[in-house]
Amino acid sequence: AVVSTQSTGEAIRSVCWSGSECLLLSGSVDSSVIVWDTRTCTPLHQTSSHSVRQLTRFAERGFASVGENSLQLWELSSSNTLLPQGSRTFPTDVECVAFSSDERTHVCGGVNAIAYLSTFACETIPC
């Protein structure tokens, strides 16, 4: 099966499975993040973010995207819609993100060779 390219034809830079692996998220250079149904290979929801460099899943229905100079957190609703849950900005573009085992602390790698470590309050992310 093939999940089609973004509607604008821009390059997909990152993909990430949902916890149940029934859904796939893709992020692209054109700032779109799309939720895909992997059984039918059809898009279920699309939203704008930033020029996505990496998508990653944390918690059961939480997702993070990094790109440009920001980190954005999303929660996947029961209707498979991405709901904004918070964001962080950095003094430089960031390329990657990783979460701690308790999923509250994250580190983002900047293009300026600096790693940025910070914590979100539990109310901000789907714990």
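Before any of the text, the structure's been laid out above.
Quick summary incoming for the structure in this document. (Residues numbered from 1 in each chain as written. Predicted model: local features only at pLDDT ≥ 70, side-chain atom pairs only at ≥ 80, totals over all residues. Heavy atoms only, no water.)

### Observations concerning the pattern of salt bridges
Part 1 of the argument: For the structure on display, the rule yields three salt bridges.
Part 2 of the argument: We note a salt bridge from aspartate 37 to arginine 39, for which the minimum N-O separation is 3.4 Å.
Part 3 of the argument: Taking relative accessible area as the criterion, aspartate 37 reaches 11% and is therefore assigned buried.
Part 4 of the argument: Residue class for arginine 39 comes out exposed when judged on its relative accessible area of 62%.
Part 5 of the argument: Note that glutamate 95 and arginine 53 form a salt bridge whose closest N and O atoms lie 3.2 Å from each other. Of the two residues, glutamate 95 is situated in strand β9 (residues 94–99) and arginine 53 in the loop between β4 (42–48) and β5 (54–58); the sequence distance between them amounts to 42 residues.
Part 6 of the argument: Here arginine 53 falls in the buried class, since its relative accessible area comes to 19%. (Salt bridge = Lys/Arg side-chain N within 4 Å of Asp/Glu carboxyl O. Buried < 20%, exposed > 50% of the residue type's maximum accessible area, 1.4 Å probe, protein only. Helix = DSSP H or I, 4+ residues; strand = E, 2+ residues; numbered from the N terminus.)

### Re the sheet that holds strand β7 (residues 70–76)
Part 1 of the argument: Spatially, four strands are ordered β5-β6-β7-β8 in an open sheet, and the strand pairing comes out antiparallel. The open sheet terminates on both sides in strands that have one partner only, identified here as β5 and β8 (82–89). Here the strands of the sheet are splayed against their neighbours by 20° on average, with no regard to which way each runs.
Part 2 of the argument: Bridging between β5 and strand β6 (residues 62–67) involves five bridges; their strand directions are antiparallel. Within the sheet, the bridge partner assigned to leucine 55 lies in β6 and is serine 65. (Pairing = 2+ DSSP bridges. Axes fitted to C-alpha atoms, helices over the stretch in contact; angles between N-to-C directions.)

### Here's the deal with unusual backbone geometry
The bulk of non-glycine residues show a negative phi, and the bulk of peptide bonds are trans.
Part 1 of the argument: The residue serine 31 is not glycine, and still its phi comes out positive at about 80°.
Part 2 of the argument: Structurally, the position occupied by serine 31 is in the loop between β2 (23–28) and β3 (32–37).
Part 3 of the argument: A positive phi angle, near 50°, is found at glutamate 68, a position not held by glycine.

### A few points about the pairing of β3
Part 1 of the argument: Judged by how many residues are buried, β3 sits mostly within the fold: six of six residues are covered.
Part 2 of the argument: Both β2 and β3 contribute to a ladder of five bridges, which runs antiparallel. Looking at β3, one finds that leucine 23 is bridged to aspartate 37.
Part 3 of the argument: What sits between the antiparallel neighbours β2 and β3 is a turn of three residues, in which serine 31 has the positive phi angle 80°.

### Notes on the pairing of β5
Part 1 of the argument: Of all five residues that make up β5, four are buried, and the element is covered over most of its length.
Part 2 of the argument: Remark: three residues form the turn of the hairpin made by β5 and β6, two consecutive strands paired antiparallel; alanine 59 in that turn has positive phi of roughly 55°.

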